[in-house]
Amino acid sequence: MSNYSITMLLSLLLVNSTASAWGPEGHAIVADIAEAHLNAVAQNEVRALLAQEGNSNLDDIASWPDQSPPKTPQTAPWHYVDIPLEESQYNANRDCPQSSCVVAKISTYAQKLADTSLDNRSRLEALKWLVHFIGDIHQPLHAENRNDRGGNQVSLTYYDKNTNLHSIWDGAILEHALNLHLGPHFSFNHALVRQAATDLDNAISNEDRNTWSQSGLLNSIDNTAVTWAEESHALAGIAYNSLPSVMNDHWEDNYQATVWPVARKQLQKAGLRLSVVLNEALQ
Ligand code: ADE
Ligand code: ZN
Ligand code: ZN
């Protein structure tokens, strides 16, 4: 291999290794569903906090931690929790060393957001992390590891694109299902994504809505985040087990049909749960 191709390969690997979290559309959908269910007090508070940086909606900031300077080697582990795939329970010592995982960070930033003794800059920053991380923890591959960096090392071709298992769960699965397309520099069509979020929200059954809107999340945020992580982790097996042993033409259509309902429900759930936490933190 020439030096040039080695350099190209290395840079591709490096770019891939930074992939994390639902793509921007997934985070925006979670933010939009949440925003639709804020009470008047929380909505006003959110607007006031966002206005400090000239933003007006939660979907403007939902992917900030993936795109801005704070994404450093130190903060990268904050986006996931590596519960081994074969385990069923979260173990803080094993899965969240130095409290550097998404479970611990949800708790930290929910409490900061609720703390009115902090200045509004710090509370805005807490809001930005929190909106993002409640999305991340609901992505099943952000709550598991199989010695493959949450599926990042499982290479595959998906609808003609060379990618990996983790990445399709962040983006391609929902993009195909909702007919969304990412533009350059993570840009996306906000109007289309907002419509998709409204449709997903309207499709939530009354039973699920009642379950996912139950109050009392902030008071027990430590346990709440563990429950979310374990629930998300329990769905990760489907991502691996539904891969065919031989990837025939059109295997992606079958995969979509199996996994999209799972991913879709996680987005709906994340949106409603985020609204509850925000309503409780901003009263
Ligand atoms: N890196 C290591 N584990 C990961 C995970 N579960 N999700 C995203 N990135 C990771
Ligand atoms: Zn993330
Ligand atoms: Zn990811």
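Reference entry: report on the structure contained in this document.

Definitions and cut-offs
Residues numbered from 1 in each chain as written. Chains lettered and ligands numbered in written order. Predicted model: local features only at pLDDT ≥ 70, side-chain atom pairs only at ≥ 80, totals over all residues. Heavy atoms only, no water. Salt bridge = Lys/Arg side-chain N within 4 Å of Asp/Glu carboxyl O. Helix = DSSP H or I, 4+ residues; strand = E, 2+ residues; numbered from the N terminus. Buried < 20%, exposed > 50% of the residue type's maximum accessible area, 1.4 Å probe, protein only. Expected span 1.5 Å × (residues − 1). Contact = heavy atoms within 4.5 Å. Core = buried A, V, L, I, M, F, W, Y, C linked by side-chain atoms within 4.5 Å. Disulfide = S-S within 2.5 Å. Bend = angle between axes of the 7 residues up to and from the residue. Polar contact = N/O pair within 3.5 Å; in protein donor to acceptor, adjacent residues only side chain to side chain. Near = heavy atom within 4 Å. Areas by Shrake-Rupley, 256 points an atom, 1.4 Å probe, with all protein chains shown as cover. Nonpolar A, V, L, I, M, F, W, Y, C, P; charged D, E, K, R; others polar.

### Section: the pattern of salt bridges
Consideration 1: One pass over the structure, following the stated rule, counts 10 salt bridges.
Consideration 2: For Arg123, the salt bridge is made with Glu45, and the minimal N-O distance between the two is 3.1 Å. Residue Arg123 is located in helix 8 (residues 120-137), and its partner Glu45 is located in helix 3 (residues 40-51); the two are separated by 78 residues in the primary sequence.
Consideration 3: In this structure, Arg273 and Glu231 form a salt bridge, with 3.1 Å as the shortest nitrogen-oxygen distance. Here the residue Arg273 occupies a position in helix 14 (residues 251-281), and Glu231 occupies one in helix 12 (residues 221-234), the gap between them amounting to 42 residues.
Consideration 4: Glu231 sits in the partly exposed class, given a relative accessible area of 26%.

### Things to note about helix 12
Consideration 1: Compared with an ideal rise of 1.5 Å per residue, which puts 14 residues at 20 Å, helix 12 spans 20 Å between its outermost C-alpha atoms and is within 8% of the ideal.
Consideration 2: Buried-residue contacts for helix 12 involve helix 7 (102-114), helix 8, helix 13 (236-241) and helix 14.

### A closer look at the nonpolar core
Where a protein is soluble and globular, its nonpolar side chains tend to be buried together.
Consideration 1: Of all hydrophobic cores here, the largest spans 82 residues; its most connected members are Leu58, Ile106, Leu165, Trp169 and Tyr255.
Consideration 2: In terms of residue count, helix 14 provides more of this core than any other element does, 14 residues in total.
Consideration 3: The residues contacting Leu165, other than those within four sequence positions of it, are Leu141, Gly151, Val154, Leu156, Ala239, Tyr240, Leu243 and Tyr255.

### A few points about the state of the cysteines
Consideration 1: Scanning the model with the defined rule gives one disulfide in all.
Consideration 2: Each disulfide pairs two cysteine sulfurs, and for Cys96 the partner residue is Cys101, the sulfurs being separated by 2.2 Å. One disulfide, between Cys96 and Cys101, carries an S-S torsion of -95 degrees and so falls in the left-handed class. Like Cys96, the residue Cys101 is buried in the burial classification.

### A closer look at helix 9 (residues 165-178)
Consideration 1: When the terminal C-alpha atoms of helix 9 are compared, their 19 Å separation across 14 residues agrees well with the 20 Å that a helix rising 1.5 Å per residue should span.
Consideration 2: When the local axis directions of helix 9 are compared, the greatest deviation, roughly 40 degrees, occurs at Gly171.
Consideration 3: With 10 of its 14 residues buried, helix 9 lies for the most part within the structure.
Consideration 4: Of the positions making up helix 9, those classed as buried are Leu165, His166, Ile168, Trp169, Asp170, Gly171, Ala172, Ile173, Leu174 and Glu175.
Consideration 5: Buried residues in helix 9 make contact with helix 2 (24-36), strand 1 (155-158), strand 2 (161-164), helix 13 and helix 14.
Consideration 6: At the N-terminal boundary of helix 9, the capping side chain belongs to Asn164, with an oxygen 3.0 Å from the backbone nitrogen of His166.

### Side note on the site of ligand 1
Consideration 1: In the neighbourhood of ligand 1, the contacting residues comprise Tyr80, Asp82, Leu141, Glu144, Arg149, Gly150, Asn152 and His166.
Consideration 2: Asp82 is positioned such that a nitrogen or oxygen atom in its side chain is 2.9 Å from a nitrogen atom of ligand 1.
Consideration 3: A distance of 3.0 Å is found between a nitrogen atom of ligand 1 and a backbone nitrogen or oxygen belonging to Leu141.
Consideration 4: Surface burial for ligand 1 is 96%, taken as the share of its 260 Å² of free accessible area covered by protein chains.
Consideration 5: Per-class residue counts for the shell around ligand 1 are two nonpolar, three polar and three charged.

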